[in-house]
Amino acid sequence: MKTTKRHQRRLLLNRIFEWIFFSTIAVAILVLGALLFDIFSRGISGLDWSFITSMPSSRPAKAGIFPALLGTLWVILLTALIALPVGIGTAIYLEEYANKKSWFFKALNLNIANLAGVPAIVYGILGLTVFVQLLKIGPTILAGALTLSLLILPVIIVASIEAIRAVPNSIREGSLALGVTRWQTITGAILPMALPGILTGSILALSRAMGEAAPLIMVGAVGFVTFLPDSILDRYTVLPMLIYNWTSRPQDEFAQLAASGIIVMLIILMLTNLTAIILRNRSQQRID
Amino acid sequence: MSIKVNVQNLNFYYGDFQALKGINMEIHENKITALIGPSGCGKSTFIKTLNRMYELIDGTKATGSISFDGTELLDKATDVVDLRKRIGMVFQKPNPFPKSITENVLYGVKRHGDVPKTEWKELLETSLRKASLWSEVEHKLNQSAFSLSGGQQQRLCIARTLATKPEVLLMDEPTSALDPIATAKIEELLEELKKEYTVIIVTHSMQQAARISDYCGFFLSGELIEFGLTKQLFSNPLDQRTEDYITGRFG
């Protein structure tokens with residue numbers, strides 16, 4: 001076949017766009033790479049077992065992250081316990097029960113999507129007013145978890161709604177036509193099919209919450225704690241708060257500690273995201 | 001000859017649109033009743049009224065009377081969950097659940113809670129046998145239903161419905177998504193099923209209706225133009241429009 005001029009131009013254009021798109025991803029990779037290189041080159045030397053199991057200290061050589069690590073785990077577990085049932089429950093109501101033609105439903109849907117875009121600090125202010133002061137929970141783990149729950153609820157709800165909506169209507173009909181109740185249809189057919197999507201969205205939302213410092217500053221997480229939390233009504237700190245505290249100190253040693261802390265943080269985030277992927281793949285295999 | 005379902009002056013509305021107009025039909029027990037007609041004529045809507053599946057769609061309304069073994073089926077007080085147990089339905093496209101073959105068949109039974117656990121295994125086998133699927137799946141009962149072919153999936157959906165021990169089987173174009181061989185298998189199966197069940201089947205294919213049904217109804221624009229013995233309807237239709245349709249002049 002003879003290649004015309006026009007054909008050659010199209011092939012050239014094709015190659016040019018391939019390069020343009022490759023360079024966009026290259027920019028992202030380079031920036032991320034530089035950031036990781038900087039953090040690892042500063043922080044890896046300070047990273048050892050005693051760094052993880054020690055208390056923070058004003059002497060950098062002895063300082064560790066143990067209370068912040070435990071604080072993060074407490075806060076995130078409690079956030080999951082609060083936000084997952086409420087978020088998934090809301091999604092089930094909106095998709096399976098609510099009258100989709102009512103103005104109430106439409107307004108609610110629009111507002112949930114909007115709430116996902118509200119800055120985290122605003123949730124912090126809300127948490128301070130409602131949980132810490134009005135409900136007198138005080139600057140405790142519970143108040144922090146409630147605030148983070150509010151922050152990630154919209155994301156969990158939207159992800160769950162999408163996942164439930166993706167379940168074909170024929171499955172719903174097939175179940176109901178067997179003389180099975182609506183609730184049994186939800187638990188027996190709809191949720192199992194929507195679960196991979198719900199899990200992925202929820203875990204990603206939780207790992208976002210894990211990295212938040214701003215709203216927790218508002219509700220009274222402290223930067224420097226030398227005791228371990230033993231109830232949800234204890235005061236606490238979390239990793240991002242401790243890292244923030246360290247980076248704001250003038251000594252270079254603390255900057256190194258912050259870098260080590262960030263590495264730990266990154267490892268935890270990677271592990272949770274990995275869990276999300278594994279869970280999703282496993283439940284998808286069950287379906288296929 | 002006993003009447004299983006008696007429909008009298010049934011009207012059905014999607015919002016303001018009237019989809020069924022004054023339908024009267026007597027459905028005989030242990031017979032196959034086929035419903036034919038062009039797309040949008042109301043035949044699928046009609047069978048959806050029989051197990052009240054239309055209630056899933058907002059803004060629908062049915063008036064008139066459908067008597068099922070003497071109970072008024074359209075009555076709000078009639079428990080729709082129990083009704084659907086007694087009037088099962090097979091859909092146009094096979095819709096197995098994303099579960100194993102066993103779990104699919106026992107899906108309804110496990111949730112109704114009226115068959116003791118010790119009888120599940122037997123019920124599984126008899127349901128699959130009745131749907132003539134047993135020999136093809138007995139060695140892989142724990143595999144996903146999605147590993148089956150389309151025709152097998154549809155027979156699995158039939159087995160799943162039979163496991164809930166219905167009295168009436170509604171089938172909404174059950175073979176329209178299947179190839180001729182799978183279709184022939186299901187038609188053969190229907191012949192067996194009518195010994196135990198009353199079957200109402202919507203079909204696009206007039207040949208299918210002529211082959212398998214005892215009674216046949218012709219729908220057009222929401223009206224039941226003609227209803228009677230299949231033999232008579234196809235050999236000697238009373239209405240000109242029926243004749244035009246079955247001789248392929250339109251539709």
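Rules behind the numbers
- Residues numbered from 1 in each chain as written.
- Chains lettered and ligands numbered in written order.
- Predicted model: local features only at pLDDT ≥ 70, side-chain atom pairs only at ≥ 80, totals over all residues.
- Heavy atoms only, no water.
- Helix = DSSP H or I, 4+ residues; strand = E, 2+ residues; numbered from the N terminus.
- Buried < 20%, exposed > 50% of the residue type's maximum accessible area, 1.4 Å probe, protein only.
- Contact = heavy atoms within 4.5 Å.
- Lys, Arg positive; Asp, Glu negative; His and termini not counted.
- Charge placed at Lys NZ, Arg CZ, Asp CG, Glu CD.
- Domains from an automatic or database assignment.
- Buried area = accessible area lost by both parts, 1.4 Å probe.
- Salt bridge = Lys/Arg side-chain N within 4 Å of Asp/Glu carboxyl O.
- Polar contact = N/O pair within 3.5 Å; in protein donor to acceptor, adjacent residues only side chain to side chain.
- Nonpolar A, V, L, I, M, F, W, Y, C, P; charged D, E, K, R; others polar.
- Pairing = 2+ DSSP bridges.
- pLDDT = per-residue confidence, 0-100.
- Axes fitted to C-alpha atoms, helices over the stretch in contact; angles between N-to-C directions.
- Left-handed = near helix turned anticlockwise from the far one by under 90°.
- Phe/Tyr/Trp six-rings, centres within 6.5 Å; stacked < 30°, edge-to-face > 60°.
- Lys NZ or Arg CZ within 6 Å of the ring centre and 35° of its normal.

Our focus in this paragraph is the overall build of chain A. Per the secondary structure count, chain A includes eleven helices and zero strands. Sequence-ordered secondary structure for chain A, helices as α and strands as β, is α-α-α-α-α-α-α-α-α-α-α. Here chain A, with 288 residues, has 42% of them falling under the buried criterion. Long-range contacts, defined as pairs at least 24 residues apart, comprise 74% of the intrachain contacts of chain A with a sequence gap of at least 6. If you average the places of the 22 positive and of the 13 negative side-chain charges in chain A, the two averages end up 12 Å apart.

Residues and elements named next belong to chain A. The domain boundaries assigned to chain A delineate domain 1 (2–46) and domain 2 (51–287). Distance from the C-alpha centre of domain 1 to the C-alpha centre of domain 2: 33 Å. Facing seven residues of domain 1, the contacting portion of domain 2 comprises nine residues. Counting each side, the surface lost to burial between domain 1 and domain 2 is near 640 Å², with a carbon and sulfur contribution of 72%. At the junction of domain 1 and domain 2, the tally comes to zero salt bridges. Counting the contacts that link domain 1 with domain 2 gives one residue pair in polar contact (both at pLDDT 80 or more). Partitioning the side of domain 1 that touches domain 2 into residue classes produces four nonpolar, two polar and one charged.

Our next topic: the pattern of salt bridges. Residue and element names in this part refer to chain B. Enumeration according to the criterion identifies 22 salt bridges over all chains in this entry. Glu167 is paired through a salt bridge with Lys4; the nearest N and O atoms lie 3.0 Å apart. Of the two residues, Glu167 is situated in the loop between α6 (150–162) and β7 (168–172) and Lys4 in strand β1 (residues 3–14); the sequence distance between them amounts to 163 residues. Note on Glu167: relative accessible area 24%, which makes it partly exposed.

Here we come to the sheet that holds strand β2 (residues 17–28) of chain B. Across a sheet, strands are paired by hydrogen bonds formed along the backbone, either parallel or antiparallel in direction. Residues and elements named next belong to chain B. If you trace the four strands from one edge of the open sheet to the other, you get β2-β1-β4-β5, paired in antiparallel fashion. Each end of this open sheet is capped by a strand with a single partner; those strands are β2 and β5 (71–72). In this sheet, β2 lies alongside β1 in antiparallel orientation, the contact comprising eight bridges. Each bridged residue has a counterpart across the sheet, and for Leu10 the counterpart in β2 is Ile23.

In this model, chain A carries a mean pLDDT of 90, and residues with pLDDT of at least 70 account for 97%. Within chain A, the element-level pLDDT minimum falls on helix α11 (residues 252–287) of chain A, averaging 85, and the maximum on helix α6 (residues 141–165) of chain A, averaging 95.

The next point concerns the environment of Cys216 of chain B. Counting through the fold element by element, Cys216 of chain B comes out in strand β9 (residues 215–220). Those residues in contact with Cys216 of chain B that sit more than four places away from it in its chain are Ala34, Ile36, Ala209, Glu226, Phe227, Gly228, Thr230, Leu233 and Phe234 of chain B.

What follows is about the interface of chain B and chain A. On the chain A side, the residues contacting the 25 residues of chain B number 23 residues. Contact between chain B and chain A buries roughly 1,900 Å² in total, counting both sides, with carbon and sulfur atoms accounting for 63%. For chain B, the biggest contributors to the area lost against chain A are Pro98, Tyr107 and Arg111 of chain B; these three give 26% of the whole. Along the contact surface separating chain B from chain A lie zero salt bridges. Inspection of the chain B/chain A interface yields six residue pairs in polar contact (both at pLDDT 80 or more). Contributing elements (two or more residues each) for the side of chain B that touches chain A: α2 (80–86), β6 (87–90), α3 (101–112) and α6 of chain B. Top contributing element to the side of chain B that touches chain A by residue count: α3 of chain B, with four residues. A per-class count over the side of chain B that touches chain A returns eleven nonpolar, eight polar and six charged.

Further remarks concern the environment of Lys140 of chain B. Residue and element names in this part refer to chain B. On the secondary structure map, Lys140 appears in the loop between α5 (134–137) and α6. Residues Lys140 and Ile101, 39 residues apart in the sequence, show an inter-C-alpha distance of 8.0 Å. Contact partners of Lys140, with chain neighbours within four places excluded, come to Ile101 and Leu148.

Moving on to the sheet that holds β6 of chain B. Residues and elements named next belong to chain B. Pairing in this open sheet of six strands is mixed, and the strands run β6-β7-β8-β3-β9-β10 from one edge to the other. The open sheet has two edge strands, β6 and β10 (223–229), and neither has a second partner. For this sheet, the mean angle separating the axes of adjacent strands, direction not counted, is 15°. In this sheet, strand β8 (residues 198–202) lies alongside β7 in parallel orientation, the contact comprising five bridges. What sits directly across from Leu170, in β8, is Ile200.

So, about the pairing of β6 of chain B. Residues and elements named next belong to chain B. Side chains of β6 alternate between two faces, with Ile87 and Met89 and Gly88 and Val90 buried alike. By the bridge criterion, four bridges tie β6 to β7 in an arrangement that is parallel. Within β7, the residue paired with Met89 across the bridge is Leu170.

Bringing the packing of helix α7 (residues 169–176) of chain A against helix α8 (residues 182–210) of chain A into the picture now. All names here are of chain A. With their axes 9 Å apart at the nearest point, α7 and α8 run at an angle of 145° to one another. The element α7 and its partner α8 pack so that their crossing is right-handed. Side by side, α7 and α8 meet where Ile171, Arg172, Ser175 and Leu176 of the first sit next to Arg182, Thr185, Ala189, Ile190 and Met193 of the second.

A few words now on α7 of chain A. Of all the residues in α7 of chain A, the buried ones are Ile171, Arg172, Gly174, Ser175 and Leu176 of chain A. The inward-facing, buried residues of α7 of chain A abut α3 (66–97), α6 and α8 of chain A together with α2, α3 and α6 of chain B.

Turning to the packing of aromatic side chains, a few remarks are in order. The full count for this structure, using the stated rule, is ten aromatic pairs over all chains. Ring geometry for Phe51 of chain A and Trp246 of chain A: centres 6.2 Å apart, planes at 35°, overall tilted. In this pair, Phe51 of chain A is assigned in helix α2 (residues 49–53) and Trp246 of chain A in helix α10 (residues 239–247), connecting sequence segments 195 residues apart. Both residues of the pair, Phe51 of chain A and Trp246 of chain A, count as buried. Taken together, a centroid distance of 4.9 Å and an interplanar angle of 80° make the contact between Phe12 of chain B and Tyr54 of chain B edge-to-face. Placement of the pair is Phe12 of chain B in strand β1 and Tyr54 of chain B in the loop between α1 (43–50) and β4 (60–68), with a sequence separation of 42 residues. Pair check on accessibility: Phe12 of chain B and Tyr54 of chain B agree, each one buried. We note Arg249 of chain A situated over the ring of Phe254 of chain A; from NZ or CZ to the ring centre the distance is 4.6 Å. A cation over a ring is seen here: Lys61 of chain B above Tyr13 of chain B, with NZ or CZ 5.0 Å from the ring centre.

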